[in-house]
Amino acid sequence: MREAREVFFVDGVRTPFGKAGPKGQFWRTRADDMGVKAVRELLRRNPEIPPERIGDVVLAATAQVGDQGLTLGRDVALLAGIPHSVPGFAIDRMCAGALTAVTAAAGEIALGAVDVALAGGVEHMGHHAMGAEVDFNPRFVSERLIDESAASMGQTAENLHDRFPEITKERADAFAVASQQKAAAAWENGVMRDTVVPMAVFSDDGWKVAERDEFLRPDTTLDGLAALKPAFRAGGRVTAGNSAGLTDGATAAFLTSEQTANELGLAPKLRLVGYAYAGVEPHLMGYGPVPATRRVLEQAGVTLDEIDLFELNEPFAVQVLTWCDELGIAADDPRLNPYGGAIACGHPLAATGVRLISQLAYGLREGGGRYGLTALCIGMGMGCAILWEQT
């Protein structure tokens, strides 16, 4: 009977994240070309990995149409110059697309199907608005299978405020301000140079270089956020200031087995300890990371106190605050999102997961920690959590 092999995270990169829409820096750039840039940079940074040794390319996209349609893993691999002998495929688990690409690729490595895998995600929300090309089955609502608010991520955030009234707008705004401040410091201190790769893009003014996230607002204040109007409900608490903006971006990462890492002389950054997905009520989408976190910690026999770093996505401040309150983590715990989150940098849906892992690897290396957790919520009521150990 064969044993599962250990899986390691070698390296991960991302493009800058741009504002979705005609004014965004990626408006005239194809989604698959953003993926190509991330993949080519990953190959350049890791010359010890021969492209022909890649066993599979797994890339995620939520809107699998248009310039992020086809079989994205194969499409981007061919465009990036990876040999034709290397297969690839596309995957979708909405906001957890890149994390699911990572765990799917990890499964291939653990079972010995491949030795090296490339995983990541692409989302061009400027070209493909969330849900715009989706035909929701009317039975979801007519047969009361889900609450109709489940189809709107902003409404699910308001539902969390309803379910947990102790999470006030003031708390959400304070968390958003802190996220912006931490992200600004991370860029100022050179943290992002470790994972963000500049990309030449064409704009209305000709060619330029996209090298910075476009949602950064370091001068954000509590007074400024307090004045913003609700975005999803009259009298609501979710605003543009305590939410992540609609974003374009791409990510890519290398995973490998322990034996192959030793053979190629690689220096992996993280060992995959375990992962878990969980389902919750679809209209409480943001609650998903809570049971997912509990499940993966139970599987691994690790406690929250043993975790040295948490990287959670921030589609909405209330989502992270719900996770904090349910698990007993203070919102200002220095272990939580030390470089800011999606409220500051944006959330290109299926691409985000590798951003979380790459920042986690950087933070554990700089802080000398052992365990780290990446987690995020997923549309239609799910959550994901992955536990990592620094090598």
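Everything here concerns the structure above.
Draft legend 1. Layout of the nonpolar core. I307, F310, W323, L336, L373 and L387 are the most contacted members of the largest nonpolar core, which totals 43 residues. For this core, the secondary-structure elements that each account for two or more residues are α5 (153-163), α6 (169-188), β9 (270-279), α9 (289-300), β10 (307-312), α10 (317-327), β11 (371-378) and β12 (382-390). Of all the elements, α10 adds the most residues to this core, at 7 residues. In this structure W323 touches P289, V290, T293, F310, L312, I329, L336 and L373, once residues within four positions along its chain are discounted.

Draft legend 2. Spotlight on the pairing of strand β3 (residues 54-60). Most of β3 sits out of view: 7 of its 7 residues are buried. Bridge analysis of β3 against strand β5 (residues 116-124) gives 6 bridges, and the strand direction is parallel. Pairing of I54 across the sheet is with V116, part of β5. Across 4 bridges, the pairing between β3 and strand β4 (residues 88-91) is parallel. Along β4, the bridge assignment pairs V57 with G88. Between β3 and its parallel partner β4, the chain crosses via helix α2 (residues 72-79), and the hand of that crossover is right-handed.

Draft legend 3. Inspection of the environment of E41 at higher detail. Tracing the chain through its elements places E41 in helix α1 (residues 31-45). For the pair E41 and G12, spaced 29 residues apart in sequence, the C-alpha to C-alpha distance is 9.5 Å. Setting aside its immediate chain neighbours within four residues, E41 contacts V13 and V197. At a separation of 2.6 Å, a polar atom in the side chain of E41 contacts the side chain of R44.

Draft legend 4. Representation of α5 within the structure. Most of α5 is tucked away, with 8 of its 11 residues classed as buried. For α5, the elements touching its buried residues are α6 and α10.

Draft legend 5. Structural context of α9. The end-to-end C-alpha distance of α9 is 16 Å, a good match for the 16 Å that 12 residues give at a rise of 1.5 Å each. Among all positions of α9, only P289, V290, A292, T293, V296 and L297 are buried. End-on, the buried residues of α9 take up no more than an arc of 170 degrees, which puts them together on one face. Structural note: α9 exposes E298 and Q299 on the side pointing more than 90 degrees away from its buried face. Against the buried residues of α9 lie β9, β10, α10, β11 and β12. Following α9 by one or two positions, G301 has its phi on the positive side, about 70 degrees.

Rules of the game
Residues numbered from 1 in each chain as written. Predicted model: local features only at pLDDT ≥ 70, side-chain atom pairs only at ≥ 80, totals over all residues. Heavy atoms only, no water. Core = buried A, V, L, I, M, F, W, Y, C linked by side-chain atoms within 4.5 Å. Buried < 20%, exposed > 50% of the residue type's maximum accessible area, 1.4 Å probe, protein only. Helix = DSSP H or I, 4+ residues; strand = E, 2+ residues; numbered from the N terminus. Contact = heavy atoms within 4.5 Å. Pairing = 2+ DSSP bridges. Right-handed = clockwise from strand over helix to strand, strands pointing away. Polar contact = N/O pair within 3.5 Å; in protein donor to acceptor, adjacent residues only side chain to side chain. Expected span 1.5 Å × (residues − 1). Arc of directions from axis to C-beta.

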